[in-house]
Structures are given as C-alpha cells and as structure tokens.
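Fold and contact review
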Amino acid sequence: MVFLTQVVSDARINETKEQQEEAGMLHEEFSTSVYGTRWAGQDIPRFDMPDNEMPPDVAYRLINDELALDGRPSLNLASFVTTFMEPEAERLISENASKNFIDYEEYPQTCEIQNRCINMIARMFHAPMDSSEEECMGCSTIGSSEAIILAVLAMKRRWQIARDEKGLSKEKPNLVMGANVQVCWEKAVKYLEIEPRYVSCTEDYLIMSPEKAIELMDENTIGCCAILGSTYTGHYEDVKTLNELLEKKCAETGWDICIHVDAASGGFVAPFVCPELVWDFRLPRVISINVSGHKYGLTYAGVGWCIWRSKEYLPKDLIFNINYLGADQASLTLNFSKSASTVIGQYYVLIRLGKSGFRSIMTNLIRISDHLAACLEKAGFQILSERNGRGLPLVAFRIKTKKHYDEFDVAARLRERGWIVPAYTAPPNAEQIKMLRVVVREDFSKSRCDLLIRDILAVVKQLDAQDAKTIQENRNNHPSAKQRWALLRNIGSVAFHHPQLEGKERVPNKTNGVC
Amino acid sequence: MLHKHVDSDEIMKHAQESPVRNHTDRGKHVTTLAYGSRYATEGIPKFKLPEQSTEAQAAYQLIHDELELDGRPNMNLASFVHTWMEPEADKLIMENISKNLSDQDEYPATMKIHARCISIIGDMWKSKGAVGTATIGSSEAVQLGGLAMKKRWQARQKAAGKDTSRPNIIMGNNAQVALEKFARYFDVECRLIPVSAESHHCLDIKKAAEACDENTIGVYVILGSTYTGHFEDVEGMSKELDRVQEEKGWDIPIHVDAASGGFVAPFAFPKLKWSFDVPRVKSINTSGHKFGLAYAGVGWVLWKNEDFLPKELIFTLTYLGASEQTYTLNFSRPACFMIAQYYNFVRLGRQGYTSIIKNDMHNAKLLSRALENCGYFDLVSDMHRAKGVFGYERASGLDAIKESVKGITEYNEALPVIAFKLTDDFKRENPHVKQAAVSTLLRTRGWIIPNYPLPPNEENIEILRIVVRESFSQDLVDTVLSDIIWSVETLAASESGFDAEVFAQKTDPIQHAHKLDHPAHEGRKKKYGSQC
C-alpha cells in the first residue's frame, strides 16, 4: 500500500478534456434543467426541421408547454366526442398504442376483438340472426365519416349494378336526406359524385319529414338517410314511418330504395334508454347503420362502426381480397394502417359496462339533461330538444322573447368563463332560428351541470343589465370572435396553413361541423 | 334519557330477509381480484353485450391477457409500420389521447402544431407554400390526392367542352391496394402497367407514357415499391410526360406515393430529384408511421400549392367565429399521433433522421451481402448494389459484390428493404424444398418474414422480404441471418417437403362469410399486394 498520492495538475486535466472534446464526448448541455438549456432560449422549430437533435426531455417539455394553450376537453360542451375513460382503459390503450390494427397476421387477437365488437353491436341493433346464410357484416372505421362514405358507396354500387342489369342509365344517382345532416354526408355525396336531395326543415320541425322525403325520390334514388339523433336538436327521425312509406312506394313503383340509419350519436343511447323505439334492423328497409364508438360508445376519438344487414347489401366488388404479408384477408376501408388501441378501448367499454352499465350511464345522462332543460326553461329559455329520453341527452335552447342580445352573445360570454357552449343557426330554411346547445356527456355530472346553470344565469343577468350599444362594442372586439379569428389566421391554424388560401371563400356554408 | 331495548340479533335477521338485499346484491362480483371474477370461469363475452357490468380491474386484466397472444412487434420484419417510440413520446401521446383533431376551435395549440408539421414536411420536400393535411395514413392520403387529380381533370375537360365520364389513372401493378381502391371507389378506370425485370419490378415509365390518353387524370409514381423497395423513376416519368405533352398536348400530373420513401429519400439520398422540385409532381403523400418514426395512425398529403387543390373539395365550416377548412375523408380522429410526429421532428432534427436512416441502410446492406454470401439466395432487391447495377444474375457471389463495391460510395436509391429468393441451383438440388416453408419455419423462432409472389406478369417469382426498421439492430441482423440459414439447411436436410400450406392456413371470418354462396367471388380473387 502506498500512501503517497500524485496530485493531478490542471495541465493534465485540460489535456484529457481536450481529448474528450475531440472525441465529442463532452456535452455541456447536461448540467441544467430543461429551462436552462439553450433550446428554451430559442424559437421552437416551426417551419423547417431543425438541423440537430435535442434531448428527449427538452422536446417533450417544449411541446407539452405549447399544448397547454389547448382548451380543456371536459369543459367543451360542444362536442359529442368522449373525453373521459377509466384508468384501466387508458392503460390498455397505452400498452397497445404501437399496434397496427390492419396487421391481422401479426396481431390476430386484436382482429378477434374487432370481430367480437361487431357481433355485440350488430346484436344490439337487432340484426337478423336466424339464418346462417344471411349473416350480417360489419367493419370498424376511424369514425362515422368513414362509415358513412362506405355505406353510401355500397348503396351507390348496388344501384349501379341493378341499373346495369336492366340496361338503364346510371348517370345521375341521387340520395335523399334531411337538411339537418352532419357535414360528412355532404362530403360523401360530393366526393362520390351523387346528387344530394335535401328535405327542407321548417321552423317547427327541424328534422326530416318522412312524407316529404318520399316525394323527392325517383328511380335514380340510391337510398335514403335517416338520422338517429340530429346533431342540431338531438331529435330521433321517424325511421318506422319512413320504412312503411317506402314499402308502399316501392310496391307501387317497383323501385328498391333502402334506408341507411346514421346513428352516429344515438346508436349507443336509444337501445338502452328507449328499447321500445323501433329504428334499427327490425325494420326491413334498414340495410345499414353506422355508429360512432367515440361518442356515446364512450371511447376516445378514433373508432366508429358500420354494420350491413347482409352481404347482399355490400356489393362484392367493393371488397378487396388482399394478400397481406402472406395472409389472405378481405378489406373494405378507406384507411389501411391505423392504431389498434381505440378498438381495444371499445371492447373494454363493452364488456366492462355490459347492458346494465350502459343503461345506468345513459339514464343518468338523460336525467341530467332533463334537469338542465327544466332549469333553463324556468330561467326563460325555450327548449328545442326532446326530453324524457325521446332524444339524445343534449339540451338545445333559445332566447324566448326578443332581446337586445342574441344566443351568440351568450355563447361568447360563457366562453369567458371557460365553458364552450356553441351557438348556431338551425338547418337551411329555418336558419332564422338561433340556438345554443349543451351536449351532456358521461363526465358532465349533476354538480358540473349546476355550475353551468349558475354561470348561464349570471351571463343572462349581465347581458340584461347592459344596453345594446355596449353589447355591440363587445361583439366587435370580443376575443372569442374577432381576435381569436385573427389569431387563428396569424398562426395559420386551419388545416391549410397557407395564408393565401384563407380569406378566399369565407362564405360560411355549414355550421354543424363539430361532432 | 330513556332508551329502548334493542335486540340486535332480531334486527340483523330482519335485515337479511329484507328484499332490499336483492338490490345491493349487484356488487357481489365486484369484490374479488380479476382472476376471482366470474369471467375467470365463465368465458369472456364474445357475441353479445353482457347483461351485467364487470369490475374495471377484471375487464382490464382479461383483455390484457388475451392480447398477450398477439405477435411481438419488434420481431415482425414484415411490416413497415413503426413500433417503438421514446418514453417521452409515449407520455405525450397518452396526455393527449382524448383530443380530437377535427375540433380545430377547441384545440388551437394542436392546430398550430399541425400547421408546423405541414411546413416542415413541405420544406423537406422542397416546396414553398405547400398546402396539406394530416390523415390517418397513406391510404386516405392517396385517395385524397387521386380525388383532387380527378376534379382538376374534370374541370379542365368541362372548360374545353369535352366528355368527363371516362377518367383513367395509371400506375404500376406493384401498387399498394389503396391506389387501386381509389380507382374502384371513385369510379376511375385503373390502368395497371405490368412490371418486369427490366423495369426493376416496378413502374415501366415508357409503357406508362404509352398508356396515357386525354382522359388520364394522372400517374401514381411509387417512391419505394412495397415489393422490393425499388424507387420508381419520378424524374424520368416526368420527362416522358413532358414528351407526351409536346406531342399530344395532354398535361398529365404526377402524384408520388411516398408512403415509405417520403422520409427516406430526403435523408439518405438528398441529391435525388423526386419531390416538388420535379415540375410535374403536384402532390405527394407519406406515412408518418413508417420511416417518419411515429406510431400507426398518422399520414400526410401535400399539394405543391393551393392551385392544385380544387376549391370545391374543401369544406369550410364556421363555428363560433372561427372558420375551419378541411379536406379529409375522416372527421373526428385522434390528435395524439400527429403530436407524436411533431415530437420526432423537434427531437431528431435532420441530423437525427439522417443518422437513423443511414443506420437502417447500413444494416440492410450488411444483411443483403451476408445473404448473398451464404450462397442459398439471390437478392431481388438492389439497394446493396452500386449505383446503376441491377439484377441478381449480375452480382451473385461475393467476389462480384466486392468488385462492384470497391471504391464506390454510392448505392442504388431504394428503401432499406431486402427481397430475396432461393437460387435456381439450390432449387434444382433440393426440389422438395418450398420457399414458403422457410418463412413458416422461421415463425417457430418468432420471426415474421413473409413469402409472396411478385406482381402479376412476374408472379412466378416468389420472394421473401425483410424490412429493416430503426429497431432492427446489428445484433438482430446476426441472429436473423443464422436463423434463416438454419431454416434453409433444416429444410434441405429433411427427407420430404415441409408443407407450409397446412401451417399457414387460417380462416378469416369476414372473408369466410363472404365466400359462402359466392362462387363468382372465388373466380375474381386477384391477389393485391398490400405489404405495408
């Protein structure tokens, strides 16, 4: 043992340092927390990819801080899309985030889970189960938009085939629907080149009237859309009457016109709240139904379902038989690779809740929306939506008497308090009606509802006290309208970031985009 | 204070007999651990929504255990789809899982990130002023690109007073299924150009130019054929189309399907001209979840500028004072994967992407040479050969490779994909060995390496394919190589052929249902390449 130590000179330390530096081993950035690094003092890369990498924790923190400016999903009463899931479900989702849904060969169990979901949902919609020859079919989608495009495509192709057989022209297909449809229907008909025929709404009937729908039909009608749960007011359209009238009409004329039910919002509500309502495959003319898993299916955004009564209604040339990575599979989707996690989330919800769970959640939602409707009515609003479970759990309301402020002012003031309650105008032909809408979702509890009522009353009181001039001034420089708009324009936040594109075509053509 | 005598026994007896108990009874399944719950013995609900609720923990555990049967993403050498992200990215994804990308008004910061991603990708593809959108994946993106071409063509034909009823689109028959889907779903005639060895198993630009007419809405050029990884010649196609325009006057645009190559070419081959710097390229799509290194669920489509995106396709929604413009097939969809993509951009930068893709290329070349070297295989892919050298006949055997590689730093531009087949010599000596059996036998060791035929016209050639991804390290190269050799030698040594068909057979319920009563269906069962 030698107790004699040589002291290391500074010169030698510097020498080693230089060597390390040459080898690129010294990183000076490691010493401080994220906010002490050089990246915190720089602009976050926005328009082109940075030349060099940055440490993961810094990248995480910077993006996370940016996202703090987003709204709070749970206070957004505009959207039907689920914003709460149980921690167990979240765990499943995060465990399976890296799985590619379409890779059946690699993830057979995930595929099996999709099949089970389709089985459960088809049964929930009373699909015919009595014949092994005529089994119904279904697929998972990203949401109702994809499902609707697929369903329209199937109706169009079926009509084309029928016309071909008879040797008739197939130039001018048309589709009949209410003017209250969600924007994706307009998309579907535009992209697939089908003439839309809208059944106009009236001031006292804001959904499609079956009688009027029948009048619009002719031999070129590929089908008719009925909405279970209008996004405007939550009303269920009268599918049963439509079915009866269609049966009569088709018997008279020899046409074969079928119904697609857009149950995006109502598909998981009606079977539990009003099982006696006949709207689904119990009606013979209903050939396909779509539903959003991410609305009252209580799963996060990214899952929808489309079910067809039988393969007869799903022309086979739309189905691609593909050899995927060595295994044969049939495919009918617009998307291909996608995340499997939301489908797994949906299955979790289905078996976790069961019918009793869905029933108690949906009943609670109806109870809360009835409570909200009752309170708002008492406060002097006119309620436009249904109650007692005869419609979706939402409250659409308007100011009853003519006042010096309108529904849009109420919405803007509520936004200042953190609530997002949208104001919009009713479908074309009734657009003079302005209304506000509160969507009651699973995480909108009674106590949160009471807080909202309190704030609505306060806003109304505040607006009543102000004169028309002040309100007009407020309108002009309100952050949620004008400034926000300007802000959005500056950052180019719309889907197309190019500034020239904006400013053109600012004519609003649809207001019910959010769902 | 007066007390009444309370007979607690009597009260308990009453309570037990009380019918109220039936109501509180609901909780009886909720008390035990997951494996003690009714589903541990009852079977999990498969076809019907169960009547009763289940404890959250039990439902989680059951589904979790079921999913254990799924494959292990990292050993899947078949798929391009990315399967690993950093924990920080995972965290961002979970924090934003409940955000809806279509809700532009509610999530302005998310929208800002979307706009930045478009900028970054536009810049990477050499365009100023590109417009574009995030999609679920390349399928949606390809269809949006095709639809825009169709509308532009219709507008042009209408302006000239011509017929718009018979549009057609041109692509190689190595195209991924999404491209053919577009043609069928949107009523466009699909003109598939057969591939050949001369065209490197992908689009033959001369034949493609010949197939054009005035009703051609555009040409899909694939950057990175999914079969063999070859890049199709975008610049060459553009020149051919220039010639067509000169001769016939038809102005035919190109859409580049860069699903796999969009994040490979800019970093591995920065000099290659394929993106918006080629004048005929009007739109490009890519998958963020392939070499963009994000999880499945994000793709991108960009147009050179807004002139190439017909206004009639764009939907303008007005909502609470904000105007939103969209052009997508999906509406509500998760925002988290798009955020993860931005995380990668910021975190990796050019340097990070370049070093990752260079590593992938390096490992792919290493494995290619090793496979060629072992003598059992011909390499159908050309990514390990010197620039300009194509075809497995020309460079089998180690010496030839060494010769061709010596002093040369440039290789053929392609994806880090290895496509290989058994040599003719080996097949002659071992007629009982089927190539598909190699793939099946490798499965027993956990590897998924698919075996499938090349596109029609070359369908007599079967290939095995390996996609080299970020997570495929050199250590795994060693292991997979020895396992491949093991499986070939095992098969050669076995007396009789090993019937892979028996192992590979699986019935897909959906397909099965459709096959019933549809003999016609059987007849037209064309195999679509959909490896992605």
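These numbers come from a predicted model, not from an experiment. (Residues numbered from 1 in each chain as written. Chains lettered and ligands numbered in written order. Predicted model: local features only at pLDDT ≥ 70, side-chain atom pairs only at ≥ 80, totals over all residues. Heavy atoms only, no water.)

1. Here's the deal with the overall build of chain B
Under the convention used in this document: By the criteria applied, helices consist of DSSP H or I runs no shorter than four residues and strands consist of E runs no shorter than two, each listed in order from the N terminus. Contacts: residue pairs with any heavy atoms within 4.5 Å of one another.
What chain B contains, in helices and strands, is 19 helices and 14 strands. For chain B, restricting intrachain contacts to residue pairs at least 6 apart in sequence, the fraction spanning at least 24 positions comes to 74%.

2. Some details on the nonpolar core
For the record, the criterion: To form a nonpolar core, buried Ala, Val, Leu, Ile, Met, Phe, Trp, Tyr and Cys residues must be joined to one another through side-chain atoms within 4.5 Å. Each residue's exposure class comes from its accessible area (1.4 Å probe, protein chains only) as a fraction of the maximum for that residue type: buried when under 20%, exposed when over 50%, partly exposed otherwise.
Ranked by internal contacts, the top residues of the largest apolar core, which has 233 residues, are Phe358 of chain A together with Met237 and Trp274 of chain B. Broken down by element, this core gets its largest block of residues, 17 residues, from helix α12 (residues 336–373) of chain B. Among all residues touching Phe358 of chain A, those that are not within four sequence positions of it are Phe268, Phe272, Tyr296, Gly297, Leu298, Val349, Leu350 and Leu353 of chain A together with Leu49 of chain B.

3. What to know about the UniProt feature "modified residue: N6-(pyridoxal phosphate)lysine" (unreviewed entry) in chain B
Worth spelling out the cut-off: UniProt positions are given in the numbering used here, feature names are shortened, and annotations may be inferred rather than shown by experiment.
The positions that UniProt labels "modified residue: N6-(pyridoxal phosphate)lysine" (unreviewed entry) are, in the present scheme, Lys290 of chain B. Along the chain, Lys290 of chain B turns up in the loop between β6 (281–287) and β7 (299–303).

4. Quick notes on the packing of aromatic side chains
Working definition: an aromatic ring pair is given by the centre-to-centre distance plus the angle between the planes. Put simply, the rule reads: Centre distance within 6.5 Å is the pairing criterion for rings of Phe, Tyr and Trp, where only the six-membered ring of Trp is used; planes under 30 degrees apart are then read as stacked, over 60 as edge-to-face, and the remainder as tilted.
For the coordinates displayed, the defined rule picks out 22 aromatic pairs over all chains. On the basis of an interplanar angle of 15° and a centroid distance of 5.6 Å, the ring pair of Phe268 of chain A and Phe358 of chain A is categorised as stacked. One end of the pair, Phe268 of chain A, is in the loop between β5 (259–262) and α9 (270–273); the other, Phe358 of chain A, is in helix α10 (residues 341–378), and 90 residues separate them in sequence. Both residues of the pair, Phe268 of chain A and Phe358 of chain A, count as buried. For the ring pair Phe267 of chain B and Tyr353 of chain B, a centre distance of 5.2 Å and an interplane angle of 10° mean the geometry is stacked. With Phe267 of chain B in helix α11 (residues 265–268) and Tyr353 of chain B in helix α12, the pair connects residues that are 86 residues apart, well separated along the chain. The class of Tyr353 of chain B is buried, set by a relative accessible area of 2%.

5. With respect to the sheet that holds strand β10 (residues 377–379) of chain B
All names here are of chain B. Heads up, the condition is: Whether two strands pair comes down to DSSP finding at least two bridges between them. Orientation is described by lines fitted to C-alpha atoms, with helices fitted over the stretch in contact, and by angles between N-to-C directions that extend from 0 to 180 degrees.
The sheet built from 4 strands is open, its strands ordered β10-β11-β13-β12 with antiparallel pairing. Bordering the open sheet on either side are β10 and β12 (451–453), each of which pairs with just one other strand. Averaged over neighbouring strand pairs, the angle between their axes works out to 40° when direction is ignored. Of the strand pairs in this sheet, β12 and strand β13 (residues 462–467) are connected by 3 bridges, and their pairing is antiparallel. Bridge pairing links Asn451 to Leu464 in β13. Strands in contact with helix α15 (residues 435–443) are β11 (417–422), β12 and β13; relative to β13, the strand with the most contacts, it is inclined by about 35°.

6. A word on the sheet that holds β6 of chain B
All names here are of chain B. If you trace the 7 strands from one edge of the open sheet to the other, you get β1-β7-β6-β5-β4-β2-β3, paired in mixed fashion. Of all strands in the sheet, those bounded by a partner on one side alone are β1 (131–135) and β3 (189–193). Taking the axes of each pair of neighbouring strands and ignoring which way they run, one obtains an average angle of 20° across the sheet. Here 3 bridges tie strand β2 (residues 168–172) to strand β4 (residues 216–222), and the two strands are oriented parallel to one another. Its bridge partner lying in β4, Asn168 is registered against Thr216.

7. Some remarks on helix α11 (residues 407–416) of chain A
Residues and elements named next belong to chain A. Note the threshold: Counted as a polar contact is a pair of N or O atoms within 3.5 Å, where, for protein atoms, one must be capable of donating a hydrogen and the other of accepting one, and residues adjacent in sequence contribute only when both atoms are in side chains.
Most of α11 is tucked away, with 8 of its 10 residues classed as buried. The complete set of buried residues in α11 reads Glu407, Asp409, Val410, Ala411, Ala412, Arg413, Leu414 and Arg415. Of the residues that open α11, the one with a side-chain oxygen 3.1 Å from the backbone nitrogen of Phe408 is Asp406. Just past α11, the residue Gly418 takes up positive phi, approximately 100°.

8. Thoughts on the side chain of Ser79 of chain B
Its place among the elements puts Ser79 of chain B in the loop between α4 (56–67) and α5 (87–95). Polar contacts involving the side chain of Ser79 of chain B include one to the main-chain amide nitrogen of Val81 of chain B, which spans 2.9 Å.

9. Concerning the packing of helix α4 (residues 108–124) of chain A against α10 of chain A
All names here are of chain A. We count it as follows: Throughout, the term roughly parallel applies to angles under 35 degrees, roughly antiparallel to angles over 145, roughly perpendicular to angles from 65 to 115, and oblique to all others. Each crossing gets its handedness from the near helix: less than a right angle anticlockwise from the far helix is left-handed, clockwise is right-handed. Note on residue classes: Ala, Val, Leu, Ile, Met, Phe, Trp, Tyr, Cys and Pro are nonpolar, Asp, Glu, Lys and Arg are charged, and everything else, Gly too, is polar.
Interaxial distance between α4 and α10 falls to 9 Å at its minimum, and their mutual angle equals 50°. For the element pair α4 / α10, the angle class is oblique. The chirality of how α4 crosses α10 is left-handed. Where α4 abuts α10, its residues Thr110, Ile113, Gln114, Arg116, Cys117 and Met120 lie against Val343, Ile344, Gln346, Tyr347, Leu350 and Ile351. Partitioning the contact of α4 with α10 into residue classes produces 8 nonpolar, 3 polar and 1 charged.

10. Thoughts on the interface of chain A and chain B
Counted only if it meets this: Buried area counts how much accessible surface, traced with a 1.4 Å probe, disappears from two parts once they are put together, with both parts' losses summed. Salt bridges are defined by distance alone: a side-chain nitrogen of Lys or Arg within 4 Å of a carboxyl oxygen of Asp or Glu.
Contact with chain A, which involves 153 residues of that partner, is made by 152 residues of chain B. Interface of chain A and chain B: buried area, both sides summed, is about 14,200 Å²; carbon and sulfur atoms make up 57% of it. Where chain A touches chain B, the interface holds 10 salt bridges. Residue Glu66 of chain B is joined to Arg116 of chain A by a salt bridge in which the shortest nitrogen-to-oxygen separation is 3.0 Å. The tally of links between chain A and chain B comes to 48 residue pairs in polar contact (both at pLDDT 80 or more). Looking at which element gives the most residues to the side of chain A that touches chain B, the answer is α10 of chain A, with 13 residues. Considering only residue class, the side of chain A that touches chain B consists of 67 nonpolar, 43 polar and 43 charged.

11. Let's talk about the UniProt feature "modified residue: N6-(pyridoxal phosphate)lysine" (unreviewed entry) in chain A
Using the residue numbers shown here, the UniProt feature "modified residue: N6-(pyridoxal phosphate)lysine" (unreviewed entry) corresponds to Lys295 of chain A. Counting through the fold element by element, Lys295 of chain A comes out in the loop between β6 (286–292) and β7 (304–308).

12. Things to note about the side chain of Asn96 of chain A
For Asn96 of chain A, the location among the structural elements is in the loop between α3 (87–95) and α4. Judged by its relative accessible area of 3%, Asn96 of chain A falls in the buried class. Residues within four places of Asn96 of chain A in sequence aside, it is in contact with Ser341 and Ile344 of chain A together with Leu67 of chain B.

13. What about the pattern of salt bridges?
For the coordinates displayed, the defined rule picks out 53 salt bridges over all chains. With a closest N to O distance of 3.3 Å, Glu219 of chain A and Arg163 of chain A form a salt bridge. Linking Glu219 of chain A in the loop between α7 (210–215) and β4 (221–227) with Arg163 of chain A in helix α5 (residues 144–166), this pair joins segments that are 56 residues apart in sequence. With a relative accessible area of 8%, Arg163 of chain A lands in the buried category. A salt bridge links Arg347 of chain B to Glu86 of chain B, with the nearest nitrogen and oxygen atoms 2.8 Å apart. Of the two residues, Arg347 of chain B is situated in helix α12 and Glu86 of chain B in the loop between α4 and α5; the sequence distance between them amounts to 261 residues. No difference in accessibility class separates Arg347 of chain B from Glu86 of chain B, as the two residues are buried. Several salt bridges converge on common partners, so that one network encompasses Lys156, Arg157 and Asp317 of chain A together with Asp187 of chain B.

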